[in-house]
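This is what each chain is made of:
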Amino acid sequence: MNTPAKPTLFTCVSPALLHLYDVQDAIVVVIDVFRATSTIAAALYNGAEKIIPVDSVQGAIELGEELGAITAGERDGKIAEGLQHGNSPLEYPREFITGKTLVLTTTNGTRLLHMALKNGATEVITGSFANLSAVCDHLVKSGKNVVLGCAAWKDRVNMEDTLFAGAVVSRVRQHFQVFCDASLGAETLYSHARIDTWNFVKKTTHYHRLSAYGLEKDMQWCISADIANVLPVYRDGALVVHS
Ligand code: MLT
């Protein structure tokens, strides 16, 4: 008897390359370690009812008003004008966010999520070091094809998202066919950087951007594994905790 073929796993290192991958027949993991998908994990872990990802600031303001929800997000790393909160995981502790709806718009993370939906993705989850185990467990259990989608920075490849993709590949690889050089590269990067992740990410462009705003604490939080270990899934227009 033939053993059934394993599902495939690909890593897409920039939204500009998303059209090369079959997102319709896969679970798409949207990855934006600094900081959108880390913030999403934090808010849901701390009891947010749902997070509505929106691709424009104006859209977020209007929807926030309509729903009486919290509006949040950034452009170029800074809280965007007209929104109530920023894109920091530390801004959403339990006592503030429990039971609330967050309308979130960010430069790259929510943009990639909308691109994946436009390209026909039907199963979208979000991943970051904060929920590494929840993501890996889900991918292995589901037995479906996977596209690890890095939000990057305005289409330019970034290290922190590729690093997280590498962490996922190294954990789940025996369950998938990994015939993808981007995945191999990400895994190699992770095996090199995992020894001293903090000093490694300090070399990245987004570290420099965010540290100029005094956001080092955010980034330390964002590279800590499993500190908000929930699985955010996109369902009926919002990210909610997978049940
Ligand atoms: C993004 O979506 O590009 C980011 O989350 C930017 C940030 O706030 O660090």
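Computed from a prediction, not measured in an experiment: that's the story for all the values here.

## As for the state of the cysteines
Move 1: In this structure the tally under the stated criterion is 0 disulfides.
Move 2: Between Cys136, a free cysteine, and Cys150, which holds the nearest cysteine sulfur, the sulfur-to-sulfur gap is 14 Å.
Move 3: The class of Cys136 is buried, set by a relative accessible area of 3%.
Move 4: The closest cysteine sulfur to the non-disulfide-bonded Cys150 is located on Cys12, 7.1 Å from its own sulfur.

## Side note on helix H5 (residues 132–142)
Move 1: Buried within H5 we find Leu132, Ser133, Ala134, Val135, Cys136, His138 and Leu139.
Move 2: Next to the buried residues of H5 lie strand S2 (27–31), strand S7 (123–127), strand S8 (146–150) and helix H6 (159–172).
Move 3: Trailing H5 by a residue or two, Gly143 shows a phi angle of about 65°, which is positive.

## Section: the site of the ligand
Move 1: Neighbouring residues of the ligand: 13 residues in total, closest Asp32, Asn87, Thr106, Asn108 and His206.
Move 2: Contacts to the ligand include Gly109, whose backbone N or O atom sits 2.9 Å from an oxygen atom.
Move 3: Considered on its own, the ligand offers 270 Å² of accessible surface; in the complex 100% of this is hidden by protein.
Move 4: Taken together, the residues that form the shell around the ligand break down as 4 nonpolar, 6 polar and 3 charged.

## Re the pairing of S2
Consecutive side chains along a regular strand alternate between the two faces of the sheet.
Move 1: Most of S2 is tucked away: 5 of the 5 residues are buried.
Move 2: Alignment of S2 against S7, held across 5 bridges, turns out to be parallel. Each bridged residue has a counterpart across the sheet, and for Ile31 the counterpart in S7 is Gly127.

Reading guide: rules and limits
- Residues numbered from 1 in each chain as written.
- Predicted model: local features only at pLDDT ≥ 70, side-chain atom pairs only at ≥ 80, totals over all residues.
- Heavy atoms only, no water.
- Disulfide = S-S within 2.5 Å.
- Buried < 20%, exposed > 50% of the residue type's maximum accessible area, 1.4 Å probe, protein only.
- Helix = DSSP H or I, 4+ residues; strand = E, 2+ residues; numbered from the N terminus.
- Contact = heavy atoms within 4.5 Å.
- Near = heavy atom within 4 Å.
- Polar contact = N/O pair within 3.5 Å; in protein donor to acceptor, adjacent residues only side chain to side chain.
- Areas by Shrake-Rupley, 256 points an atom, 1.4 Å probe, with all protein chains shown as cover.
- Nonpolar A, V, L, I, M, F, W, Y, C, P; charged D, E, K, R; others polar.
- Pairing = 2+ DSSP bridges.

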